[in-house]
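Report on the structure
For reference, the chains in residue letters:
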Amino acid sequence: MKRGASARLNLAALQHNLRVARKAAEGRRVMAVVKANAYGHGMITVAKALQEADGLAVTCLDEALRLRQAGLRQPILVLQGFQQAEQIAFFSQLNLIAVVHCAEQLQMLRVATAPAFQVWLKIDSGMGRLGFAPSEVREVYRQLQGCQAVSGVGLMSHMASADDLDSPATSQQINCFNACTEGLGGERSLANSAALLGWPASHADWVRPGLMLYGANPFVSGSVADWGLRPVMRLSSRLIALKTIPKGQRVGYGGSWVAPETMPMGLVAIGYGDGYPRHAAVGTPLLVAGKRAALIGRVSMDLLNVDLRCVPEAQVGDEVELWGENLSMDEVAQHADTIAYELLCGATKNL
Ligand SMILES: *Cc1c(COP(=O)(O)O)cnc(C)c1O
């Protein structure tokens, strides 16, 4: 433990959230997304706790290799596929599924002689990111089927706006995907967390939840409680000093916050060097010995200041929860003008 700042994981909550995903997409297979070190939670720990998932998804070959070395046996989808021809042999050797999203990858596959493995053809149905254009899909599909190194072709796409239940974009993407893949065989997959929970028409054969497994809200509004999800990470630290500051005292770098009255203030041993967001605004909630208090001043690298007018009984050594089961990371993310995804990934250093 570093100076009292620590991120603890509740693996029972992780398993609970997987069951929520399963229930919301009943009968479909669940591919748990553990990229970016399982959104900052630790990839191997999380993957081992999610043995019940039907598959795992990571960004690159390197991550898949580490999962296999740790003894994980489920199907693994590599979301960016292979980058060089030399990587192709590992996909069959390690029994990985490669996403094929561009012409260069297709070309490498056409001349590959490695034993055959599964690929998923990635379609850009409106996200404007990785994937073939809908008009190219049939020709690419045909060519993939003709590759000696390919044992089966799945079809996938990714949703840009599923977090907004009022946006017409998701239905348009689903329609686009269905139209350009009509009649083609193979497994299909479209849904991230928000699509899994909010857009049943996107469920297909495999759903690919990430964020919801970690207990954050994948939607632009509402809260995790609406979906019965439980936060997995608890970021906490301790009060290491208390003082009474006079009216007019400037607090923190830039002196941007000024005490409106003589008041109690605490110093918490955590800062942006520990993954707490530097842009957390004055008023961002934190829990001091279980009671809500507010951040004041600018967050430093290893410290932050807290207004203790609501917790005058606070003592040095008291526990401070920055987010966790009692304080939603979505609320903190809003105050920091960011999203839970970024907060979680930033807290990696603590684990
Ligand atoms: C990250 C990612 C997911 C998971 O998204 P969440 O919003 O975290 O559920 C699913 N599919 C792809 C292709 C991704 O990159």
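Refer to the preceding data block for the structure.
Reference entry: report on the structure contained in this document.

Conventions we followed
Residues numbered from 1 in each chain as written. Predicted model: local features only at pLDDT ≥ 70, side-chain atom pairs only at ≥ 80, totals over all residues. Heavy atoms only, no water. Helix = DSSP H or I, 4+ residues; strand = E, 2+ residues; numbered from the N terminus. Buried < 20%, exposed > 50% of the residue type's maximum accessible area, 1.4 Å probe, protein only. Contact = heavy atoms within 4.5 Å. Areas by Shrake-Rupley, 256 points an atom, 1.4 Å probe, with all protein chains shown as cover. Lys, Arg positive; Asp, Glu negative; His and termini not counted. Charge placed at Lys NZ, Arg CZ, Asp CG, Glu CD. Phe/Tyr/Trp six-rings, centres within 6.5 Å; stacked < 30°, edge-to-face > 60°. Near = heavy atom within 4 Å. Polar contact = N/O pair within 3.5 Å; in protein donor to acceptor, adjacent residues only side chain to side chain. 1 Å grid on protein atoms, 1.4 Å probe; cavity = no way out; pocket = protein on both sides within 12 Å on 5 of 7 lines; lining within 4 Å. Sits in = over half its atoms within 2 Å of the grid points. Salt bridge = Lys/Arg side-chain N within 4 Å of Asp/Glu carboxyl O. Pairing = 2+ DSSP bridges. Expected span 1.5 Å × (residues − 1). Arc of directions from axis to C-beta. Core = buried A, V, L, I, M, F, W, Y, C linked by side-chain atoms within 4.5 Å.

For the chain, the count of helices and strands is 11 helices and 17 strands. Across its three principal axes, the chain shows a C-alpha extent of roughly 75 × 40 × 35 Å. Sorting the 351 residues of the chain into buried and exposed places 54% on the buried side. Sequence separation of 24 or more characterises 62% of the internal contacts of the chain that already satisfy a separation of 6 or more. Accessible surface, the chain as shown: approximately 15,000 Å² in total, 50% of it carbon and sulfur. In the chain, 32 side chains carry a positive charge and 30 a negative one; their mean positions are 4 Å apart.

Attention now goes to the packing of aromatic side chains. This model, assessed by the stated rule, comprises seven aromatic pairs. Measuring from centroid to centroid gives 6.1 Å for Tyr-39 and Tyr-341, while their planes differ by 35 degrees, and the two rings are tilted. With Tyr-39 in helix α2 (residues 35-40) and Tyr-341 in helix α11 (residues 340-346), this residue pair connects regions lying 302 residues apart in the sequence. Classification of Tyr-39 as buried rests on a relative accessible area of 6%.

Now for the environment of Ser-300. If you trace the backbone, Ser-300 turns up in the loop between β15 (291-296) and β16 (304-307). Exposure remark for Ser-300: the relative accessible area of 14% places this residue in the buried category.

In the region of the ligand, 13 residues are neighbours, and Lys-35, Tyr-39, Ser-193, Leu-211 and Tyr-341 sit closest. Arg-208 places a polar side-chain atom, nitrogen or oxygen, 2.9 Å from a nitrogen atom of the ligand. Leu-211 has a polar backbone atom sitting 2.8 Å from an oxygen atom of the ligand. Against a free-state accessible area of 390 Å², the protein chains account for coverage of 94% of the ligand. Comparing atom positions with the cavity grids shows the ligand to sit within the largest pocket.

So, on to unusual backbone geometry. With the exception of glycine, the majority of residues adopt a negative phi angle, and the majority of peptide bonds are in the trans configuration. In this model, Ala-204 sits at a positive phi of 50 degrees, which is unusual for a non-glycine residue. Structurally, the position occupied by Ala-204 is in the loop between α9 (193-198) and β9 (206-207). For Ala-204, a relative accessible area of 24% puts it in the partly exposed group. Phi angles above zero are rare outside glycine, and Ala-289 is one such case at about 50 degrees. Within the element layout of this structure, Ala-289 appears in the loop between β14 (285-288) and β15.

To continue, consider the pattern of salt bridges. Under the defined criterion, the tally for this structure stands at 10 salt bridges. Measuring nitrogen to oxygen at the nearest pair gives 3.0 Å for the salt bridge that ties Arg-234 to Glu-319. One end of the pair, Arg-234, is in strand β10 (residues 233-245); the other, Glu-319, is in strand β17 (residues 319-323), with 85 residues separating them in the sequence. Put simply, Arg-234, Glu-319, Glu-321 and Glu-325 are held in one network by salt bridges that share partners.

The subject of this paragraph is the pairing of β15. Sheet topology note: the β14/β15 ladder contains four bridges and is antiparallel. Bridge pairing in β15 places Leu-286 opposite Ala-293. Taken together, β14 and the strand that follows it, β15, pair antiparallel across an intervening segment of two residues, in which Ala-289 is found at a positive phi of about 50 degrees.

Here we take up helix α8 (residues 169-181). The terminal C-alpha atoms of α8, which comprises 13 residues, lie 18 Å apart, in line with the 18 Å expected from a rise of 1.5 Å per residue. Residues Thr-170, Gln-173, Ile-174, Phe-177, Cys-180 and Thr-181 constitute the buried set of α8. Here the buried residues of α8 occupy an arc of 145 degrees about the axis, which is enough to place them on one side. Summarising the contacts, the buried residues of α8 are in contact with β6 (117-123), α7 (137-145), β7 (150-157) and β8 (188-191).

To continue, consider the environment of Ser-236. Mapped onto the elements, Ser-236 comes out in strand β10. The contacts of Ser-236, once residues within four sequence positions are left out, are Gly-4, Ala-5, Ser-6, Ile-270, Glu-319, Val-320, Glu-321 and Leu-322.

The next thing to look at is the nonpolar core. Ranked by internal contacts, the top residues of the largest apolar core, which has 116 residues, are Leu-109, Leu-121, Tyr-276, Leu-286, Val-288 and Trp-323. Other than its neighbours up to four places away in sequence, Tyr-276 contacts Leu-235, Ile-270, Gly-271, Thr-284, Leu-286, Val-299, Leu-304, Leu-322, Trp-323 and Val-332. Listed in part, the eight residues of the second largest apolar core include Ile-245, Val-251, Met-265 and Ile-296.

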